[in-house]
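Residue strings, one per chain:
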Amino acid sequence: MKIIAVLEVSISAGGGFNQSLNAILQMKGLLDAKFEFSVVSTNEKNINYLKKLKIDAEFFKITLLDRLLPRLYSGRIWSIILSKLKIISPFEKWLIRKDCDLVYFVEQSSRAESLQNLNFIATVWDLCHRDQPEFPEVREFGEFQSREWASQNTLTLASIILSDSEELADRISSRYGVDRERIVPMPYSPSPLIEELSSKKNKEILKLYKIDYGYFFYPAQFWAHKNHYRIIQATKLLHQEGIKARIVFVGGDRGNLEFLKKTTKDLGLENYLTFLGFVPNEHLSVLYKNCQAVVMPSYFGPTNLPPLEAWFFEKPLIYSTHFSNQVGDAAILVNPDEEFSIANAMKSILDKNISEKFIKKGLSRLEKIKSLKKIAEKKLISDIIKFEKKRQCWN
């Protein structure tokens, strides 16, 4: 049996891209000598990143018809018409020519909506369009409807669904009527592209960005839901107490950066907040290693990658109380609605004893998550083997 993983997202997606690479590496290791496995990317630049991880991949250029069919199949009338005509997308035809038996979408994708013959594994990172529909990135210009249609049209049809947690698996099952046994809660892992660098390189990168050791760090795209705004407010509160905290933000602009820069200027914090934009992964590791702590008061979850990376680099974590299930007691939990809560957490981390306590708890939590992941991997392989038995029943 042959499984083909599909990588669509680009490196500019940040954590989403890194998690997709994690998923490919994981599946490659699990399927070794058991099933045939290959990778296709619809983004040609991804081929080089996969090569760095010693993964061979092919490029497929998505056609206009490939883009249209998921939308058309999501509509009842068009779905009936296209099904009667037995229309198959160019992408699915390519997969069939490659003798694919099971398609593995390593990220949330609407591409599965147009699959008419091939079975697939779906991935769900979050259902935040339902959890927090107020935010513009999941509400405006049909984005909510697009996400909801994709969820409705793919999740009930998926042979296997991978979620990031038990909590998300329960939401998928209750909201979309999916058999809970079809869902495999698979914890995240730190980015595979994070590297250890020499002290010389370390100094060069800090000099490049004109920053020094000891800042608070938040690696996240500039979406509204990431809640950079509340960190800026918290920083102002600390400065009013005489604590000159410094903040470093990294990530691509998703429409909210100018607002955040204006807020920073209005509060007189331009010399204490640094907006670095998108940075290479090797630079990201240096920025982690030289921070005082990682602070992430995000509204979207229930899990995220930065907590794992903070623990990997032995840094204390400040995190939204909404997502306590991911971190347990390994983070200082804050109310993302309250800048006072975040400011108090940042102030407490400056105490060396408190900082060291949460570093130890983070390392322990990371080991716990690794053990949970091994259990999930056993279920995933078992489910794939069950699919193979069924797949043997037809040509």
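The rules behind each value
- Going along each chain's sequence as written, the residues are numbered from 1 onward.
- Only residues with pLDDT of at least 70 are given local features in this predicted model, and only at 80 or more are side-chain atom pairs given and counted; all residues enter the totals for whole chains, interfaces and linings.
- Where side-chain values are given, they derive from all heavy atoms of the structure, hydrogens and water being excluded.
- Elements are defined by DSSP. Helices are runs of H or I of four residues or more, strands are runs of E of two residues or more, and each kind is numbered from the N terminus.
- In this description the radius of gyration comes from C-alpha coordinates, and the expected globular size is given by 2.2 Å times residues to the power 0.38.
- The buried label applies to any residue whose accessible area, calculated with a 1.4 Å probe on protein chains only, is under 20% of its type's maximum; exposed applies above 50%, and partly exposed to all values in between.
- Of the grid points, spaced at 1 Å and generated over the protein atoms alone, those admitting a 1.4 Å probe that cannot get out make up cavities, while open sets with protein on both sides within 12 Å along at least five of seven lines make up pockets; any residue with an atom within 4 Å of a point is treated as lining.
- Grid points are joined across faces, edges and corners, and a volume is the space filled by probe spheres set on the points.
- In this description, a nonpolar core means a group of buried Ala, Val, Leu, Ile, Met, Phe, Trp, Tyr and Cys residues linked to one another through side-chain atoms lying within 4.5 Å.
- Whether two residues touch is decided by their heavy atoms; if any such pair falls within 4.5 Å, the residues are in contact.
- Polar contact criterion, stated in full: a pair of N or O atoms within 3.5 Å, where within protein one must be able to donate a hydrogen and the other to accept it, and residues adjacent in sequence count only if both atoms are side-chain atoms.
- Aromatic pairing here means that ring centres of Phe, Tyr or Trp (its six-membered ring) are within 6.5 Å. Orientation follows from the plane angle: under 30 degrees is stacked, over 60 is edge-to-face, and everything else is tilted.
- We call two strands paired when DSSP finds no fewer than two bridges between them.
- Note on handedness: a clockwise path from strand one over the helix to strand two, with the strands aimed away from the viewer, defines a right-handed crossover.
- Here, a salt bridge means any Lys or Arg side-chain nitrogen found within 4 Å of an Asp or Glu carboxyl oxygen.
- All axes here are fitted lines through C-alpha atoms, helices being fitted over the stretch that makes contact, and every angle between N-to-C directions spans 0 to 180 degrees.

Student: Tell me about the overall build of the protein chain, and please be specific about residues and values.
Tutor: Each helix and strand in the protein chain was counted, giving 17 helices and 13 strands. For 395 residues, the compact-globule estimate of 2.2 N^0.38 gives 21 Å, and the C-alpha radius of gyration of the protein chain, at 22 Å, lies within 12% of that figure. Overall, the protein chain is about 70 × 45 × 35 Å in size when its C-alpha atoms are taken along their principal axes. Here the protein chain, with 395 residues, has 55% of them falling under the buried criterion.

Student: Please provide a residue-by-residue account of the layout of surface pockets, values included.
Tutor: Quantified by volume, the second largest pocket comes out at close to 440 Å³. Taken together, 19 residues line the second largest pocket, and the ones lying closest to its centre are D164, S165, E166, P187 and L372. It is helix α17 (residues 352-391) that contributes the most residues to the lining of the second largest pocket, 6 residues altogether.

Student: So what's going on with the nonpolar core? Residues and values would help.
Tutor: One finds F216, F217, F249, L287, I318 and M346 to be the most contacted residues of the largest nonpolar core, which totals 61 residues. In this view, I318 contacts F216, V294, V295, M296, I332, V334, A345, M346 and I349; residues no more than four positions away in its chain are not counted. Among the nonpolar cores identified, the runner-up in size contains 31 residues, and L102, I160, M186 and F387 belong to it.

Student: Describe the environment of K86, naming the residues involved and giving the relevant values.
Tutor: Locating K86 in the fold gives a position in the loop between α4 (76-84) and α5 (90-97). Along the backbone, K86 and N43 are 43 residues apart, and their C-alpha atoms lie at a distance of 27 Å.

Student: Give a detailed account of helix α13 (residues 281-289), specifying residues and quantitative values.
Tutor: With respect to burial, α13 is a largely interior element, 7 of its 9 residues being buried. Looking only at α13, the buried set comprises N281, H283, L284, S285, V286, L287 and Y288.

Student: Account for the environment of R111, with residues named and values stated.
Tutor: Following the sequence through the fold, R111 ends up in the loop between β4 (102-105) and β5 (119-123). Here R111 falls in the buried class, since its relative accessible area comes to 12%. A C-alpha to C-alpha distance of 9.9 Å links R111 and S89, two positions 22 residues apart in sequence. Apart from residues lying up to four places away in sequence, R111 is in contact with E8, I62, D66, R67, P70, F91 and F105. A polar side-chain atom of R111 sits 3.2 Å from the main-chain carbonyl oxygen of D66.

Student: Just give me the short version of the packing of aromatic side chains, but keep the residues and values in it.
Tutor: Applying the stated criterion across every chain yields a total of 16 aromatic pairs. With a centroid separation of 5.2 Å and an interplanar angle of 45 degrees, the aromatic rings of F135 and Y299 are classed as tilted. Linking F135 in the loop between α6 (128-131) and α7 (136-139) with Y299 in the loop between β11 (291-296) and α14 (306-312), this pair joins segments that are 164 residues apart in sequence. Just as F135 is buried, Y299 falls in that class too. Relative to F249, the ring of Y218 lies with its centre 6.3 Å away and its plane at 70 degrees, an arrangement referred to as edge-to-face. Of this pair, Y218 sits in strand β8 (residues 215-219) while F249 sits in strand β9 (residues 247-250), placing them 31 residues apart in sequence.

Student: Which residues make up empty space enclosed by the protein, and what values do they have?
Tutor: Across all of its chains, the model carries 1 cavity of 30 Å³ or more by this definition. In this structure, the largest cavity spans a volume of roughly 130 Å³. Lining the largest cavity are 16 residues, and of these Q19, T123, L162, S163 and M186 lie nearest its centre. When residues of the lining of the largest cavity are traced back to their parent elements, those giving at least two are α1 (15-31) and β6 (160-163).

Student: Just give me the short version of the pairing of β11, but keep the residues and values in it.
Tutor: Across the 6 residues of β11, 5 count as buried, placing the element largely inside the fold. Here 3 bridges tie β8 to β11, and the two strands are oriented parallel to one another. Bridged to Y215 within β11 is C291. Pairing between β11 and strand β12 (residues 317-320): 3 bridges, direction parallel. Each residue of the ladder has a partner; that of V295, found in β12, is I318. The parallel pair β11 and β12, bridged by α14, forms a crossover whose chirality is right-handed.

Student: Break down the pattern of salt bridges for me, citing the residues and quoting the values.
Tutor: Across all of its chains, the model carries 17 salt bridges by this definition. R130 is the salt-bridge partner of E148, the closest N and O atoms lying 2.9 Å from each other. With E148 in helix α8 (residues 143-154) and R130 in helix α6, the pair connects residues that are 18 residues apart, well separated along the chain. Accessibility expressed as a relative area gives 32% for R130, which makes it partly exposed. Through salt bridges that share partners, D131, E167, R171 and R175 make up one connected network.

Student: Account for the sheet that holds β5, with residues named and values stated.
Tutor: Judged by pairing direction, the sheet is parallel, and its 7 strands sit side by side in the order β3-β2-β1-β4-β5-β6-β7 without closing on themselves. In this open sheet, the two strands that pair with only one neighbour each are β3 (57-59) and β7 (183-185). Strand-to-strand twist in this sheet, taken as the mean axis angle between neighbours without regard to direction, amounts to 25 degrees. Looking at chain direction, strand β1 (residues 2-7) and β4 are connected through 4 bridges and run parallel. Among the inter-strand pairings, I3 is bridged to a residue of β4, identified as L102. Sheet contacts for α17: β1, β4, β5, β6 and β7; angle to β7, the most-contacted strand, approximately 160 degrees.

Read these as geometric descriptors, not functional statements.
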